[in-house]
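# Structural features, examined
Okay, here's what each chain looks like letter by letter:
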Amino acid sequence: MSHIIKKNPTLSPLWSLVSPARFCIRTWESEDAAVVYDVRSGDTHLIEPLGREVLYLLRDEPGTTESIRLKLLSLYAQEDHVSIIDLIPTILRDMCDVGLIVETYV
């Protein structure tokens, strides 16, 4: 028997780090980007500044797309808000695709 799990489009995903202990995140004062090393796979990822902030937020606690959006908007100037709002879904999906974060539906 095949079991198909369907995502409910009315539910908002809860995003979280796969495992905080699995990753080494490094930043440098002179650089905005971060380097994330996955201890398990050996992969290294260059993360842009907005993605870095998402990782830091999720390191502290899981969040919905909306809670992440609100926290990010509080960190950036008003003139950057439109581009931030547009980029959040892509950043979350890209980080999920490479195994840095996971989405769950509760």
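Look up a bit, the structure's there.
The structure contained in this document is the topic of the report that follows. (Residues numbered from 1 in each chain as written. Predicted model: local features only at pLDDT ≥ 70, side-chain atom pairs only at ≥ 80, totals over all residues. Heavy atoms only, no water.)

### Digging into the sheet that holds strand E5 (residues 63-64)
Formally: By the convention used here, strands pair only if DSSP detects at least 2 bridges between them. Helix and strand definitions here come from DSSP, where helices need a minimum of 4 consecutive H or I residues and strands a minimum of 2 consecutive E residues; each element is numbered from the N-terminal end. Residue contacts follow a heavy-atom distance rule, with two residues in contact if any of their heavy atoms lie within 4.5 Å. To define axes, lines are fitted to C-alpha atoms, for helices over the stretch in contact only, and angles between the resulting N-to-C directions are given on a 0 to 180 degree scale.
With antiparallel pairing, 3 strands are arranged side by side in an open sheet as E5-E1-E6. Looking along the sheet, the strands with just one partner apiece sit at the ends: E5 and strand E6 (101-104). Relative to E5, strand E1 (residues 14-17) is paired through 2 bridges, and the arrangement is antiparallel. Considered in E5, the bridge of Trp-15 is made with Gly-63. In this fold helix H1 (residues 49-60) packs onto E1, E5 and E6, with an angle of close to 90 degrees to the strand it touches most, E1.

### Examining empty space enclosed by the protein
Once rolled over the atoms, a probe with the size of a water molecule shows which space is left empty. Our working rule: Throughout, the protein atoms alone are placed on a 1 Å grid, and a set of points is a cavity if a 1.4 Å probe fits but cannot get out or a pocket if it is open with protein on both sides within 12 Å along at least five of seven lines; lining residues have an atom within 4 Å of a point. Grid points are joined across faces, edges and corners, and a volume is the space filled by probe spheres set on the points. For this scheme, ten residues count as nonpolar: Ala, Val, Leu, Ile, Met, Phe, Trp, Tyr, Cys and Pro. Four count as charged, namely Asp, Glu, Lys and Arg, and the remainder, Gly too, count as polar.
Tallied over the full model, the rule gives 1 cavity of 30 Å³ or more. Approximately 40 Å³ is the volume found for the largest cavity. Along the walls of the largest cavity sit Leu-57, Leu-58, Glu-61, Pro-62, Gly-63, Ser-67, Ile-68 and Lys-71, which together make up its complete lining. Those elements that provide at least two residues to the lining of the largest cavity are H1 and helix H2 (65-75). Of all the elements, H2 adds the most residues to the lining of the largest cavity, at 3 residues. Classifying every residue of the lining of the largest cavity by side-chain character gives 4 nonpolar, 2 polar and 2 charged.

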